Every structure is written in structure tokens, then in C-alpha cells.
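Each chain is listed here by its residues.
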Amino acid sequence: MGGNATYQSHQSAEGMQDAIATVLKSNIDKLVEASPFFSQLIDESTDVSNHENLVVYVKLLNEFKPELHFLENINVRDGKAETITTAVNLLMERRNLHKAKMTGFGSDGASVMTGKNNGVSKRIKDDSPFLVSIHCMAHRLALCTSQAANGIPYLAKFKEILTALYHYFDKSALRAQSLAEFQKIFEHPELKIKEVFDIRWFSFYGALETLHCTWQSLVAYMESQPNSDDKARAFKKSLKEFNFIATLCMMMDVIPILTFMSLAFQKEHVELASVQAMVKSTITQITALKSKNGKFLSEILPSQDDVSEVKWRENTIKVTAREVQQFESMKFKFLDNVLLNLDKRFPVDSTNVVNAFGILSLRNVHFQNENLSTYGNEELETLLSHYGSAKKTQSGKDVPAVVDAEKCRFEWNFVKELVVREHYPVGHIAELWKMLATHHSGEVQNLLKLSQVALVLPTNTAGCERGFSAQNRIKNALRNRLKAERLDVLMTIDIEGPPSKDFDFSTALDVWARTNRRIVVSTSN
């Protein structure tokens, strides 16, 4: 290094960043190349400069372990399907990703992504005929709850009250401090009223929980305000209405069930076999709330039809039989809508390719006994109808079958007998098939391929959401002129970069040394 080179300019810093990002991208490309199959996860966002971007992740297998990696953040001129498809195809060419190995496409389910005729997934499938498009499980669940609330007027009003409460305290530090003092008096946790962003109920469970925990403090605060505070008087009335309290308690019974399911679906790798079990468990719990009130709702609903008031949190709440009847009607409608939407968006259908992969966990194989010979056969045929015969791309190019259908049937019968006899661990596709690959790879070659496809299927796009968080941390209001290429480099380092002590800087130095650089010459004596 010359004595007159300081490497203190932004060009020098960017050159070093580029070298580090190049190494990280190269490492990911090698992992994709080594993976037998891979899936892409794509989502759109708008940055602080109002530029439309695509966050693209890849899900691959690394020694039978599914991994999620950031590919690129791509600036696009618009959100049209044609534009997005072109950007994805250029990305695959640039990174040398083989379309024949792409078997999964994950998105948020927007029509531009999943449209049957002209959606992005349809256009990509024209070149990757074995591709399966999956609507993010977490997004599907969000739609279940938001649509369940549609058509129920009071639930819209309930949300409006929660939103108004947030703005009432958020706009005034004095009000927030006064509420905190009331919370101390009642020995409630000092919690801030949280914002409600939309009607996706589990997304504001924190807001519900805060309101439920500190309801008495809120009421006391509103009652302490002068009559000139019209908003406080309106809140005092709303907070003490039977309908509001009963709805709050109902939501406190329902939302934790859906939140648990949502959090499970947002894990980086969700086993397909676990999805149906989780859906079934959720449906069972929601159905039970129709016949027996949950813990929280039981606190407020009167036990007799002719009761004119109930005690709740040491407060007398006036109620009429008609109000109870109207609330019960709303409760049943909401619960029925939740169940209807869960059934619609998570159908138990053995002819669905994604659902059919669940048999590869062999979750219930030990309980089959005399039915072992037929266990999973219907689901296997669903998989073979998709992966067991050759297909053509839209351009007419032949693409060989992923598996040999006849050999797959023979292997399936063998595996069932083997797993039962050897007491292999079941329930988790990755764990079971890694063991089978280690000890019986020669006997189950075709089923191993199906298990590999199953493990890279994108059950959610939570990774993309984390990508958006990185994008917004890096390109913020103070760095709003950051160019798309630089943003992608910094996001790659932020998301994929290991701790500095674990990174091989010598490789990055070699890359940096081979690039043309402008040397900043010192002018000091």
C-alpha cells in the first residue's frame, strides 16, 4: 500500500463493501448450486424514497438442513407482473440459478404474484414446470381473521375506539404520565397504550392485552378528567359499556389461539406435516369457544338472563337482556367466520400437492397396524401426478420427471415397513429423511428427492419481512438518497454477514485487490 493512499474516501469504503458482499453472494451461490432443489421467496416494498423494491430470498438444502438466504434487493420501476418476472429472470441469469431446480415460489398471495393467468408465479412456472406456488401461511391466517371481522359493524367500532385511545395518549406526554400514575395506584403494570394498525386481530394482541390489564386505570383516568374534555367523557362511556368489555374479553380468549398459530407459521422453517396439525388444533379450540365461554369472557357474561348489571373489576356494568343477546349473536357470527375462513384457506385436501407432502413425516405410521399397506397411498399418488411424469416448458423444452413413479410406489411400501420395524423417529421430515439418507439412500432414492423438495418449499415469507426491516434500518430518512445498488450491498452484509471474527477477510481482500480503484492521494505534507 502506497504511503500516499489513505483509503478514506467514500469510493474506497464502497469498494471494500463491494468486495465483502461479493464474497457473501458467492458463498450463497455455491450453496444454491450444491442444493438439489431450491425455492424463491419474493415480496414487494416501498422504501423511504418511495422507490418500489423486491426483496428476494432463496430456500435451499445444505446437507439435508433447510436454510434461508438473502439473494438481492432489486429496484423495479413498477409492481406489474411482467416487470417483476423480468427482474427475477435477470437475477437468476446473473446468479446462474438453474430454473430446472426451482420447485417452489413463496409470496404474500397478492394477485400480481399468484394470478392464474398472468401472475408472476404462472410466468415463472412456464420455465419451471414443477414449481409449486405457495401463499404465505402467516398471510393466509391474517386474512382469515381480518375477513372474519368483515360485516360485523361493532368489531369495526371496537377497533376505532382502540385506535382513538392510542392517539389520545400518544399526542400528549402529560396524559401518558398521568395514566402511568393511575397504573401505579392500582398496582397495574406500567404499559403504554399501543397502536392498532389494522383489523388483523392477532397483530395487535399487545394492544388488547394492555387494555385488558389496565382497564381500571383507564376508567379512573377518564373519570378524573374535567367535563370540558369531550374525548375523555366519550372514552369513559365506551369503556364501561357492556358490549365493549364483552368484546374485549372475547378477543382475549380468541386472539391468543390465533397468535400462537401465527407465530408458529412465522418460524423460518415450518414442517408441512406440522401445518395441518396446527390448523386442526386451532379449529378445535375455536369450536370449543362456541359451546363454552373462555376464561376471560366468563368473567363478564351474566349467568342469568334477567340480570340488569354485572360486577367487573370492582365496577358495576349495566346490561340488558337484549344487549347480552346481541353480543352472543355477534360472538357466534365472528367465531363461525373464523372457522369458515380457516377451512377455506387451510383445506384438509389430500389432492393438494403441498398438503400431500405431509405424509413424508410418517407422523401416524406407528398407529396403522393392519392399514399400513394403504397408509399415505392417496397422498403419494397426488405427489406422483405432479412430479412423476415429464413436463414441457412453455417454449416446448422437455423437462424430465423428478422421480420414477413406479419405483417411488415400491420405495413407499418399503419405507413404511422399515420405519415401523426399526422404530425410526417420525413427525419431522428433515430428521427422518436425513436418517434414511444416511442408512438407506440406495433403497429410497426417489422418495429422498420428494423429501428434498418438501424441505425447500416456502411455507411463509417471514424472511422477506425481516429483509424489509433491514432495508428500512439502512435506508432511512437521513440516508434517503442511497442508491439501489449500494442498498443491496449493505443489506447483503447486514443480513448474510457473520460476526467479523468469523469472516475470512483474506478472500474479500483478494477480490478487492483485483478491482480497479481510484486512489485518494493525500495533499498533506
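Refer to the preceding data block for the structure.
Predicted model, so just to flag it, every value in this text is computed and none were measured. (Residues numbered from 1 in each chain as written. Predicted model: local features only at pLDDT ≥ 70, side-chain atom pairs only at ≥ 80, totals over all residues. Heavy atoms only, no water.)

Caption draft 1: Seen up close, the overall build of the protein chain. Helices and strands together make up the secondary structure of the protein chain, namely 21 helices and nine strands. Each principal axis of the C-alpha distribution contributes one length, and for the protein chain these read about 90 × 75 × 45 Å. Per-residue burial for the protein chain yields a buried fraction of 50% across its 525 residues. Counting contacts in the protein chain only where the partners sit at least 6 residues apart, residues at least 24 apart contribute 73% of the total. For the protein chain, the centre of its 62 positive side-chain charges and the centre of its 62 negative side-chain charges are spaced 4 Å apart. (Helix = DSSP H or I, 4+ residues; strand = E, 2+ residues; numbered from the N terminus. Buried < 20%, exposed > 50% of the residue type's maximum accessible area, 1.4 Å probe, protein only. Contact = heavy atoms within 4.5 Å. Lys, Arg positive; Asp, Glu negative; His and termini not counted. Charge placed at Lys NZ, Arg CZ, Asp CG, Glu CD.)

Caption draft 2: Expanded view of the nonpolar core. Of all hydrophobic cores here, the largest spans 70 residues; its most connected members are L165, M222, F265 and F334. The element that contributes the greatest number of residues to this core is helix α11 (residues 242-265), accounting for 16 residues. In contact with L165, not counting residues within four places along its chain, are I193, L211, L218, M222, F235 and L239. The next biggest cluster of nonpolar side chains, apart from the first, holds 45 residues, and it includes I134, V354, L384 and C408. (Core = buried A, V, L, I, M, F, W, Y, C linked by side-chain atoms within 4.5 Å.)

Caption draft 3: The pattern of salt bridges, seen in detail. If you walk through the whole model with that rule in mind, you get 20 salt bridges. Residue E14 pairs with R486 through a salt bridge whose shortest N-O separation is 3.9 Å. Here the residue E14 occupies a position in helix α1 (residues 10-34), and R486 occupies one in helix α20 (residues 484-496), the gap between them amounting to 472 residues. According to the relative accessible area criterion, E14 is partly exposed, its value standing at 27%. A residue is classified by how much of its surface remains accessible, and R486, at 15% relative accessible area, is buried. In the salt-bridge network here, residues are joined through shared partners; they are D29, E72, R94 and R95. (Salt bridge = Lys/Arg side-chain N within 4 Å of Asp/Glu carboxyl O.)

Caption draft 4: View of the pairing of strand β3 (residues 65-75). With nine of eleven residues buried, β3 lies mostly within the body of the structure. Between the antiparallel neighbours strand β2 (residues 52-62) and β3 lie two residues, among them E63 with a positive phi of about 55°. (Pairing = 2+ DSSP bridges.)

Caption draft 5: Inspection of helix α10 (residues 230-239) at higher detail. Taken together, the buried positions of α10 are A232, F235, S238 and L239. Taken down its axis, α10 places every buried residue within 125° of arc, on the same side. Elements that come into contact with the buried residues of α10 comprise α6 (153-170), α8 (205-213), α9 (215-224) and α11. The opening residue of α10 is D229, an N-cap whose side-chain oxygen sits 3.3 Å from the backbone nitrogen of K231. (Arc of directions from axis to C-beta. Polar contact = N/O pair within 3.5 Å; in protein donor to acceptor, adjacent residues only side chain to side chain.)

Caption draft 6: Region of the structure containing the environment of E160. When you line up the elements, E160 lands in helix α6. Between the C-alpha atoms of E160 and A232, which are 72 residues apart in sequence, the distance is 15 Å.

Caption draft 7: Local environment of the packing of aromatic side chains. For the coordinates displayed, the defined rule picks out 14 aromatic pairs. Ring geometry for F169 against Y221: centres 5.3 Å apart, planes inclined by 55°, an arrangement best described as tilted. Residue F169 is located in helix α6, and its partner Y221 is located in helix α9; the two are separated by 52 residues in the primary sequence. Pair check on accessibility: F169 and Y221 agree, each one buried. A centroid spacing of 6.2 Å and a plane angle of 80° characterise the contact between F242 and F327, whose relative ring orientation is edge-to-face. Residue F242 is located in helix α11, and its partner F327 is located in helix α13 (residues 321-345); the two are separated by 85 residues in the primary sequence. Since its relative accessible area comes to 0%, F327 is described here as buried. Cation over ring: R175 sits above Y168, and NZ or CZ is 3.9 Å from the ring centre. (Phe/Tyr/Trp six-rings, centres within 6.5 Å; stacked < 30°, edge-to-face > 60°. Lys NZ or Arg CZ within 6 Å of the ring centre and 35° of its normal.)

Caption draft 8: Molecular detail of α8. What α8 keeps buried is the set A207, L208, T210, L211 and H212. Packed against the buried residues of α8 are α6, α9, α10, α11 and β6 (309-312).

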